[in-house]
Amino acid sequence: MDAISSVLRRCEIFSGLSDADLGLVAGAAWRREVPAGTRLFEQGALRQGATVIAEGRVEVLRDNGDGPEPIVILGPGNVMGEQSFLAASAHTASAVALTPLVLLDLDREEVLAALARDGAAAIAVLSKVATVLHQRLLYAASPRTGREQAFASGRTRTESDLLGTLEVPEDALFGVQTLRAVHNFPITGTPTSHFPAMIRALAMVKQAAARANARLGLLDGAIAAAIDTACQEIIDGHWHGHFPTDMVQGGAGTSTNMNANEVVANRALELLGQPRGAYAHCHPNDHVNLGQSTNDVYPTALRLSAIFMLQGLLAAMERLQAALHAKGLEFAPVIKMGRTQLQDAVPMTLGQEFEAYAVTTGEDIARLRETARLFLEVNMGGTAIGTGICADPRYPEAVVEELRKVTGLDIVLAENLVEATPDTGAFVMFSGVVKRAAVKLSKLCNDLRLLSSGPRCGFGEINLPPMQPGSSIMPGKVNPVIPEVVNQVAFQVIGNDLTITLAAEAGQLQLNVMEPILAYSLATSMRTLTAAVNVLTTKCIVGITANEERCREMVERSIGIVTAVMPAIGYKRATEVAKEALETGVPVRELIVRKGYLTGAELDEAFSLEAMTRPRPIR
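About the thresholds
Residues numbered from 1 in each chain as written. Predicted model: local features only at pLDDT ≥ 70, side-chain atom pairs only at ≥ 80, totals over all residues. Heavy atoms only, no water. Helix = DSSP H or I, 4+ residues; strand = E, 2+ residues; numbered from the N terminus. Buried < 20%, exposed > 50% of the residue type's maximum accessible area, 1.4 Å probe, protein only. Contact = heavy atoms within 4.5 Å. Areas by Shrake-Rupley, 256 points an atom, 1.4 Å probe, with all protein chains shown as cover. Lys, Arg positive; Asp, Glu negative; His and termini not counted. Charge placed at Lys NZ, Arg CZ, Asp CG, Glu CD. Salt bridge = Lys/Arg side-chain N within 4 Å of Asp/Glu carboxyl O. Axes fitted to C-alpha atoms, helices over the stretch in contact; angles between N-to-C directions. Parallel < 35°, antiparallel > 145°, perpendicular 65-115°, else oblique. Left-handed = near helix turned anticlockwise from the far one by under 90°. Pairing = 2+ DSSP bridges. Phe/Tyr/Trp six-rings, centres within 6.5 Å; stacked < 30°, edge-to-face > 60°. Lys NZ or Arg CZ within 6 Å of the ring centre and 35° of its normal. Core = buried A, V, L, I, M, F, W, Y, C linked by side-chain atoms within 4.5 Å. Polar contact = N/O pair within 3.5 Å; in protein donor to acceptor, adjacent residues only side chain to side chain. Disulfide = S-S within 2.5 Å.

Draft legend 1. View of the overall build of the chain. If you tally the helices and strands in the chain, you get 23 helices and 16 strands. Summarising its shape, the C-alpha atoms of the chain cover approximately 100 × 65 × 45 Å along the three principal directions. The buried share of the chain, taken over its 619 residues, is 51%. If you take every contact in the chain between residues at least 6 apart in sequence, the share linking residues at least 24 apart comes to 73%. Carbon and sulfur atoms make up 56% of the accessible area of the chain, which totals about 27,800 Å². Of note, the chain has its 55 positive side-chain charges centred 6 Å away from the centre of its 67 negative side-chain charges.

Okay, structure coming up:
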């Protein structure tokens with residue numbers, strides 16, 4: 001029992017309980033060991049209780065309809081499913097063991113039955129659970145701080161900077177400089193925490209810096225280890241709610257860098273056994289930011305986050321490409337009219353049309369991968385303007401080497417740090433390729449809307465999956481809402497590319513202070529485009545069906561098929577037939593036979609699917 005209580009006391013939701021109260025919970029716990037790879041619970045399944053991790057690491061994943069995505073990695077002392085003590089509910093995510101685990105399971109009914117025997121204990125335990133959950137929600141859901149925390153506990157700690165003192169929420173991992181930024185920049189309402197890739201990238205830079213400084217003997221080993229652990233927790237998905245600074249800010253990203261410094265420092269202080277804000281033991285600037293400047297940290301983190309976010313976009317586009325290719329195969333036998341300038345052109349197959357969409361999507365995937373390699377060059381160690389002031393001469397190479405280990409990427413140090421510090425050319429090029437993908441995706445959606453138009457008075461060649469009623473006044477109307485929303489996302493991406501271009505152009509001398517709007521625009525483009533591609537694939541492309549009879553009917557009625565016999569009867573005769581067919585409404589086939597230009601058998605060959613949709617020898 002003592003061993004179980006010891007493990008429970010390490011958990012945030014059970015810390016501070018009396019021995020007696022904790023004993024009631026411990027009495028309902030049972031120990032189990034599970035191997036790596038074990039699925040601990042599934043999203044949507046009913047919570048049976050809480051599970052405490054005593055040893056090992058667990059990955060939590062959430063599926064929002066596009067496949068499971070990692071949310072957070074939990075380790076010893078973390079609890080899963082504690083909400084079940086307050087109310088019966090379903091898991092909002094899934095969990096899998098990354099390593100062999102030792103777990104303590106707390107059955108909901110057994111814990112509540114134990115607490116029912118002692119009202120005071122029940123109040124103490126359930127109040128602690130509710131308080132912890134409430135604090136997490138505040139930092140997870142709120143883009144601001146201050147007012148929300150004032151109505152929470154009201155407790156604060158005093159911190160100071162060169163402008164004076166401020167009261168910082170006691171339970172905040174950030175500090176005074178972050179709070180000033182929150183007050184100064186209520187711009188977009190989008191905090192850094194809305195982009196987990198950016199926070200993870202910042203933590204990786206701080207972790208690499210701490211390791212490099214420790215290796216060079218510039219940072220105390222115990223402090224470096226605490227910083228390293230704090231950074232790893234952030235990389236694993238913890239504490240992201242403590243990054244409230246608005247994505248768009250003045251100061252070239254200084255507020256975001258200081259937000260990271262303060263969160264890492266305060267979490268490191270806790271690991272060192274010190275209270276938050278006791279910066280004499282681990283300082284945001286002197287220790288966490290050692291050998292760094294916002295001007296090398298921030299652009300490096302932007303580059304890394306772009307690479308990380310790209311993985312999601314590429315995965316989404318690969319799924320889209322596969323779905324389009326599958327439709328290309330499915331629709332291979334369906335003959336239809338091709339069109340140029342929205343006029344009848346020559347026959348093709350619906351499969352050819354969709355396979356072309358698959359190919360163009362693949363081209364965009366390749367271009368995105370190629371251009372993203374520009375982000376592997378960083379200016380770490382350049383500090384303020386690239387001259388390396390306040391950094392050890394050995395530090396640039398050391399920190400880049402550590403960053404390669406932390407990220408697993410082939411990161412290289414820029415050849416000239418003075419040149420690299422203000423240079424945002426890589427963002428301009430990459431954004432242009434993202435825009436290209438959005439433009440082509442929008443063109444695809446325009447085509448889908450045309451091809452599905454009708455259902456009786458339009459093209460009507462394909463059917464899009466019906467997603468929702470289309471009108472508040474017209475019964476039976478169903479709109480192409482999925483292509484429409486993708487079009488709108490594409491428009492935003494195109495606009496963001498212009499913003500990025502202007503931000504890059506606005507750089508002056510040794511720094512580009514407009515990088516925050518560049519970061520926000522690019523991150524927004526990649527996040528919304530990824531979501532749009534996923535929605536297009538899962539809610540539209542995979543469910544498209546062909547109206548084969550309608551497609552063939554329009555081919556047979558079209559004057560465009562006369563092109564198929566033009567090599568046999570000549571351009572002049574073909575033009576005469578096309579003109580007469582258009583004026584009289586008589587089918588092209590009937591006119592050719594009536595005029596004696598070709599026999600019925602010869603027409604059957606000329607108008608065959610193979611002859612009309614691909615090259616063949618001219619006879």
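Picking up after the structure, the text goes on.
Draft legend 2. The pattern of salt bridges, seen in detail. Tallied over the full model, the rule gives 31 salt bridges. A salt bridge links E159 to R157; its shortest N-O distance comes to 2.8 Å. For the pair shown, E159 and R157 are each scored as buried. The shortest N-O distance in the salt bridge between K336 and E461 comes to 2.8 Å. Placement of K336 in strand β11 (residues 335–340) and of E461 in the loop between α15 (425–451) and β15 (462–463) is noted, with a sequence separation of 125 residues between them. If you follow the salt bridges from partner to partner, you end up with R215, E401, E402 and K405 in one network.

Draft legend 3. Main features of the packing of helix α16 (residues 481–505) against helix α17 (residues 515–539). Running from N to C, α16 and α17 cross one another at 160 degrees; their axes reach a closest spacing of 9 Å. Classified by the angle their axes make, α16 and α17 are roughly antiparallel. For the pair α16 and α17, the crossing hand works out as left-handed. Contacts between α16 and α17 pair I482, V486, V489, Q492, V493, N496, T499, I500 and A503 from the former with I517, L518, S521, L522, T524, S525, T528, L529, A532, V535, L536 and K539 from the latter.

Draft legend 4. Fine view of the sheet that holds strand β3 (residues 49–55). Taken together, four strands build an open sheet; the order of strands is β1-β8-β3-β6 and the sheet is antiparallel. The open sheet terminates on both sides in strands that have one partner only, identified here as β1 (29–34) and β6 (79–80). Where helix α1 (residues 2–9) meets the sheet, it contacts β1, β3 and β8 (101–107), and its direction lies at approximately 90 degrees from that of β8.

Draft legend 5. The side chain of D236, seen in detail. Counting through the fold element by element, D236 comes out in the loop between α8 (221–235) and α9 (254–271). Given the relative accessible area of 7%, D236 is considered buried. When near neighbours in sequence (up to four residues on either side) are disregarded, D236 contacts R57, I71, V72, I73 and R200.

Draft legend 6. Region of interest: the packing of aromatic side chains. All chains considered together, the criterion is met by four aromatic pairs. Consider the rings of F331 and F354, whose centres lie 5.4 Å apart with planes at 75 degrees: the pair is edge-to-face. A residue pair is termed long-range when its members are at least 10 positions apart, and F331 in the loop between α11 (294–330) and β11 and F354 in helix α12 (residues 350–372) qualify at 23 residues. The exposure classification of F331 matches that of F354, with both residues buried. Aromatic side chains F375 and F430 sit 5.1 Å apart centroid to centroid with 65 degrees between the ring planes, which places their arrangement in the edge-to-face category. A residue pair is termed long-range when its members are at least 10 positions apart, and F375 in the loop between α12 and β13 (377–378) and F430 in helix α15 qualify at 55 residues. Accessibility classification places F375 together with F430 in one group, the buried group. Across the ring face of F459, the terminal group of R339 is positioned such that the distance to the ring centre comes to 4.2 Å.

Draft legend 7. Representation of the sheet that holds strand β2 (residues 39–41) within the structure. Taken in spatial order, the four strands of this open sheet run β2-β7-β4-β5, and their pairing is antiparallel. Lying at the two open borders of the sheet, with one neighbouring strand each, are β2 and β5 (68–74). On average, adjacent strands in this sheet sit at an angle of 30 degrees to one another, irrespective of strand direction. As defined by bridge partners, strand β4 (residues 58–63) adjoins strand β7 (residues 94–97) across four bridges and the pair is classed as antiparallel. Bridge assignment links V58 to a residue of β7, and that residue is A97.

Draft legend 8. The arrangement of the nonpolar core in detail. Among the nonpolar cores identified, the biggest contains 116 residues, and I227, L448 and L536 are the most heavily contacted of them. Per-element accounting of this core gives the leading share, 16 residues, to α11. Counting residues in hydrophobic clusters, the runner-up holds 28 residues, among them I4, C11, A50 and L115.

Draft legend 9. A look at the environment of K477. Tracing the sequence through the fold places K477 in the loop between β15 and α16. The spatial distance from the C-alpha of K477 to the C-alpha of L368 is 38 Å, given a sequence separation of 109 residues. Once residues within four sequence positions are removed from consideration, K477 is found in contact with P469, G470 and S471. Within the local environment of K477, its side chain forms a polar contact with the side chain of N479, the two groups lying 2.5 Å apart.

Draft legend 10. Broad picture of the pairing of strand β10 (residues 164–169). Pairing of strand β9 (residues 156–161) with β10, which is carried by six bridges, proceeds in the antiparallel orientation. Residue pairing for β10: D161 is matched across the bridge by G164. Counted between consecutive antiparallel strands, the loop separating β9 from β10 contains two residues.

Draft legend 11. Broad picture of the state of the cysteines. Summed over the entire model, instances satisfying the criterion amount to zero disulfides. With no disulfide partner, C445 has as its closest neighbouring cysteine sulfur the one in C540, 7.1 Å distant. Taking relative accessible area as the criterion, C445 reaches 0% and is therefore assigned buried.

Draft legend 12. Representation of unusual backbone geometry. Cis geometry is adopted by the peptide bond preceding P455, which originates at G454 and carries an omega value of 10 degrees. Along the chain, P455 falls in the loop between α15 and β15. In this structure, Q341 takes a positive phi of about 55 degrees despite not being glycine. As for its position among the elements, Q341 is in the loop between β11 and β12 (343–349). Under the relative-accessibility criterion, Q341 is labelled exposed at 69%. Phi angles above zero are rare outside glycine, and L509 is one such case at about 55 degrees. Here L509 lies in the loop between α16 and α17. Taking relative accessible area as the criterion, L509 reaches 75% and is therefore assigned exposed.

Such coordinate-based values are descriptive only and should not be taken to indicate function.
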